[in-house]
Amino acid sequence: MEVIHHGGQRTVTGSCHEFRYARGRAVLIDCGLLQEGDYSDEAQTIDFEMDGIEALIITHSHLDHVGRIPWLLAAGFRNPIFCTTATAELLPLILSDAIKIGMTRDRRVIEGLLDLLQELIRPLKYDQWLSISDDLMIRFRQAGHILGSAYVECEVGDQRVVFSGDIGCKNTPLLPDPTPLEKADWLFLESTYGNRLHEPRRDRTSRLSQVIQRSVENKGAVLIPAFSIGRTQELLYDIEQIIDELQRQPHEKYEFPVVVLDSPLAAAVTERYAKLKALWDDEAKDRIAKGRHPLDFSQLVTITSHADHERLVNRLRTTGEPVIIIAGAGMCTGGRIVNYLEALLPDARTDVVFVGYQAHGTPGYQIQMFGPLGGYVELNGERVIVNAQIHTLGGYSAHADQQELLDFVGSAEGRVKRVRLTHGDPAVQKVLAQKITAQFDIPVDAIE
């Protein structure tokens, strides 16, 4: 057995792992978009041979795990694509957007690729074993990262190789906790936050509420760059909770600012989340039973048309009013959030709230690192001065932190025999490798 990495080994994007389980036979685990440094069309080109790759197995529908699928199809891949049922629902939405942004806006090409995708997708339920061949069986287990996310168990004879995809945090809104490991002879483990701990969920909601109250007092905008899948829905869930708590307090009426979801993709994904509420966790189902609507409350306004988006940007550029804007892209590499940032970063009344990982080289990383120092960011080739207040709410990460990753390794009924870290910065991987070795006495493959 051998694993060849075509992305996402020493970086936090572009996950793509070729699992060669027998001579001349392999499967591909994820095929993600490269979002660090050069994330141009050319950087996404499939530069590896596909001979012998019998299937693509998808852990979840975030772009850094699926965004290169259009390029894979364009390169001639025509074998089955296995994923969970929820991922099968979300994938066409995500890839349609990715094709338009990164590949082409030719409607016929887009429709052709999406039709081909639908022909190849094979949805599977969680915990259901499937024979890919006489030598390989696979099973999806709950990863608790976003709706439909899974880690993948690959059984070859008496050997089990596990690819974590992205492991989620415990007690994440809407989602069940990750399923404990059964066993792993070789575990490929993500390491995004392998060197740190997240703030508690309750703390993040309190801090978000404080930022919103500052917006009301200063008559400024709160800009939240958010990924369309997972993070956006968690934000809406928590904002609905904040509103509910404020309405229950015995004080004079509190005027909560309008919440604007300015993203056609995020709006479509949120609708799918609502459609798939049977997969939600018990806490979310309890809110629905009480007549609350965690993803569709009265203060929420959704913008889909570009004209309405431009009107709002221009209005906020010249008027002071409290408003919460949730828009993509999550790392500020494109999308509608960039227009808001260009218009409002120079305004000291603005608050920018980062709720997800900002990869090195992205505009989001520049704002996060240099904005608090009075620096600038380059957007669309222009320098934009940052006078806005910059906040990072680590508790919104959809990735497990160091302790949760260690808990995942330790959850196995049988001992994990070998680990290789993926999807993380080398310095972070080094810290996590030392922790795993010290706590479990498990060999961790050298970081190449």
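Here the structure is a predicted model, which is why all the values come from computation and not from measurement. (Residues numbered from 1 in each chain as written. Predicted model: local features only at pLDDT ≥ 70, side-chain atom pairs only at ≥ 80, totals over all residues. Heavy atoms only, no water.)

K.L.:
An account of the layout of surface pockets is requested, with residue identities and associated values reported.
P.N.:
The space that makes up the largest pocket amounts to roughly 1,100 Å³. Surrounding the largest pocket, 46 residues form its lining, L63, D97, I101, L265 and A329 being those nearest its centre. Counting only elements with at least two residues in the lining of the largest pocket, the list comes to α1 (63–66), α3 (85–102) and α7 (264–275). Here the element with the most residues in the lining of the largest pocket is α3; it accounts for 8 residues. For the lining of the largest pocket, the residue count by class is 19 nonpolar, 18 polar and 9 charged. Taken together, 26 residues make up the lining of the second largest pocket; nearest its centre are Y193, R196, Y357, Q358 and Q368. Element by element, the count of residues in the lining of the second largest pocket is highest for helix α11 (residues 363–370), at 3 residues. Residue composition of the lining of the second largest pocket, by class: 12 nonpolar, 11 polar and 3 charged. (1 Å grid on protein atoms, 1.4 Å probe; cavity = no way out; pocket = protein on both sides within 12 Å on 5 of 7 lines; lining within 4 Å. Points joined across faces, edges and corners; volume = space filled by probe spheres on them. Helix = DSSP H or I, 4+ residues; strand = E, 2+ residues; numbered from the N terminus. Nonpolar A, V, L, I, M, F, W, Y, C, P; charged D, E, K, R; others polar.)

K.L.:
Lay out helix α4 (residues 107–120) with the relevant residues and their values.
P.N.:
Taking 1.5 Å of rise per residue, the 14 residues of α4 would be expected to cover 20 Å, and the 20 Å separating its terminal C-alpha atoms lies within 8% of that figure. For α4, the full list of buried residues reads I110, L113, L114, L116, L117 and L120. End-on view of α4: buried residues confined to an arc of 160 degrees, all on one side of the axis. For α4, the exposed residues lying more than 90 degrees away from the buried face are R107, R108, D115 and E119. Among the structural elements, α2 (69–74), β5 (81–84), α3 and β6 (121–124) are those in contact with the buried residues of α4. Its side-chain oxygen 2.9 Å from the backbone nitrogen of R108, D106 forms the N-cap of α4. (Expected span 1.5 Å × (residues − 1). Buried < 20%, exposed > 50% of the residue type's maximum accessible area, 1.4 Å probe, protein only. Arc of directions from axis to C-beta. Contact = heavy atoms within 4.5 Å. Polar contact = N/O pair within 3.5 Å; in protein donor to acceptor, adjacent residues only side chain to side chain.)

K.L.:
Describe the packing of aromatic side chains, naming the residues involved and giving the relevant values.
P.N.:
Applying the stated rule across the entire model yields 6 aromatic pairs. Ring geometry for F19 versus Y21: centroids 6.3 Å apart, planes at 45 degrees, classification tilted. Taking the relative accessible area as the measure of exposure, F19 reaches 0% and is therefore buried. The exposure class assigned to Y21 is buried, which follows from its relative accessible area of 5%. Over the aromatic face of Y396 sits the side chain of R204, whose NZ or CZ is 3.9 Å from the ring centroid. R287 extends its terminal NZ or CZ atom over the ring of Y237, reaching a point 3.7 Å from the ring centre. (Phe/Tyr/Trp six-rings, centres within 6.5 Å; stacked < 30°, edge-to-face > 60°. Lys NZ or Arg CZ within 6 Å of the ring centre and 35° of its normal.)

K.L.:
Got a sec to walk through unusual backbone geometry? Specific residues and values, please.
P.N.:
The linkage connecting G328 with the following residue, A329, adopts the cis geometry, with an omega of 15 degrees. When you line up the elements, A329 lands in the loop between β15 (323–327) and α10 (337–344). Unlike most non-glycine residues, K219 shows phi in positive territory, near 55 degrees. Mapped onto the elements, K219 comes out in the loop between α5 (201–218) and β12 (221–225). Located in the positive-phi region is H423, a residue other than glycine, with phi close to 50 degrees. Within the secondary structure, H423 is located in the loop between β20 (419–422) and α13 (426–440).

K.L.:
Explain empty space enclosed by the protein to me, using residue names and the numbers behind them.
P.N.:
Within the structure shown, the criterion is met by 3 cavities of 30 Å³ or more. Counted as a void, the largest cavity has a volume near 70 Å³. What lines the largest cavity is a set of 13 residues, among which S15, H17, S164, G165 and T422 lie closest to the centre. Classifying every residue of the lining of the largest cavity gives 3 nonpolar, 8 polar and 2 charged. The volume enclosed by the second largest cavity comes to roughly 60 Å³. For the second largest cavity, the full set of lining residues is K219, G220, A221, L316, T319, G320, E321, L344, D347, R349 and T350.

K.L.:
An account of the packing of helix α6 (residues 231–248) against α7 is needed here, citing residue identities and associated values.
P.N.:
Running from N to C, α6 and α7 cross one another at 70 degrees; their axes reach a closest spacing of 9 Å. Accordingly, the angle class assigned to the pair α6 and α7 is roughly perpendicular. Two secondary-structure elements touch here, α6 through T232, Q233 and L236 and α7 through A266, V269, T270 and Y273. Of the residues assigned to the contact of α6 with α7, the class counts are 4 nonpolar, 3 polar and no charged. (Axes fitted to C-alpha atoms, helices over the stretch in contact; angles between N-to-C directions. Parallel < 35°, antiparallel > 145°, perpendicular 65-115°, else oblique.)

K.L.:
Describe the sheet that holds β15, listing the residues and the values that go with them.
P.N.:
With respect to topology, 6 strands assemble into an open sheet ordered β14-β13-β15-β12-β16-β19, the strand pairing being parallel. Each edge of the sheet is formed by a strand with only one pairing partner; in this case those strands are β14 (300–303) and β19 (389–392). Within the sheet, the average angular offset between the axes of one strand and its neighbour, ignoring direction, is 20 degrees. One ladder, built from 4 bridges, connects strand β13 (residues 258–262) with β15; its direction is parallel. In the strand pairing of β15, V260 is matched with I325. The sheet strands contacting α7 are β13 and β14, and the helix crosses β13 at an angle near 100 degrees. Running over the sheet, α10 touches β12, β13, β15 and β16 (351–354) and is turned about 140 degrees from β12. (Pairing = 2+ DSSP bridges.)

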